[in-house]
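# Geometric and topological summary
Single-letter residue listing:
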Amino acid sequence: MIIATKSLAKRRIEQGLSRSELARTLSLSHSVIVRAEQHKSVSPKTAKIICDFFKVAFDEIFEIEEVENSVATNENN
């Protein structure tokens, strides 16, 4: 499963924070924030840190997407 962001950039901008400032505040790397804002996966721990900072429920910022199992797909062909 991949945890992908829906509205992280919007919330960050509303708070007047740059990506670097948010990363520094949360003790995360800048690249983690960039990846999240590009709808790439983040760890559950990172998602919790972000949700706690913005004081929102998980599903207000993130969603869980299923990843196709390429092994199972190949076995069925």
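Right above here is the structure, for reference.
The structure contained in this document is the topic of the report that follows. Predicted model, so just to flag it, every value in this text is computed and none were measured.

Cut-offs used in this document
Residues numbered from 1 in each chain as written. Predicted model: local features only at pLDDT ≥ 70, side-chain atom pairs only at ≥ 80, totals over all residues. Heavy atoms only, no water. Buried < 20%, exposed > 50% of the residue type's maximum accessible area, 1.4 Å probe, protein only. Helix = DSSP H or I, 4+ residues; strand = E, 2+ residues; numbered from the N terminus. Arc of directions from axis to C-beta. Phe/Tyr/Trp six-rings, centres within 6.5 Å; stacked < 30°, edge-to-face > 60°. Axes fitted to C-alpha atoms, helices over the stretch in contact; angles between N-to-C directions. Left-handed = near helix turned anticlockwise from the far one by under 90°. Contact = heavy atoms within 4.5 Å. Salt bridge = Lys/Arg side-chain N within 4 Å of Asp/Glu carboxyl O.

For the rest of this paragraph, the subject is helix α3 (residues 30–37). Residues Ile33, Val34, Ala36 and Glu37 constitute the buried set of α3. One face of α3 carries all of its buried residues, which in axial projection span an arc of 165°.

Quick look at the packing of aromatic side chains now. Per the stated rule, a full pass over the model turns up two aromatic pairs. An angle of 80° between the planes, with centres 4.9 Å apart, marks the rings of Phe53 and Phe54 as edge-to-face. Ring centres of Phe58 and Phe62 lie 5.5 Å apart, and the angle between their planes is 25°; this geometry places the pair in the stacked category. What makes Phe58 partly exposed here is its relative accessible area of 31%. Assessed through its relative accessible area of 1%, Phe62 is described here as buried.

Quick look at the packing of helix α2 (residues 19–26) against α3 now. Relative orientation of the contacting elements α2 and α3 amounts to 120°, with a least axis distance of 8 Å. The handedness of the crossing between α2 and α3 is right-handed. Together, Arg19, Ser20, Leu22 and Ala23 of α2 and His30, Ile33, Val34 and Glu37 of α3 make up the contact between the two elements.

Moving on, we come to the pattern of salt bridges. This model, assessed by the stated rule, comprises four salt bridges. For Arg11, the salt bridge goes to Glu60, with nearest N and O atoms at 3.3 Å. With Arg11 in helix α1 (residues 8–14) and Glu60 in helix α5 (residues 58–61), this pair connects stretches of sequence that are 49 residues apart. A relative accessible area of 38% places Glu60 in the partly exposed class. By sharing partners, the salt bridges in this structure join Arg12, Arg19 and Glu37 into a single network.

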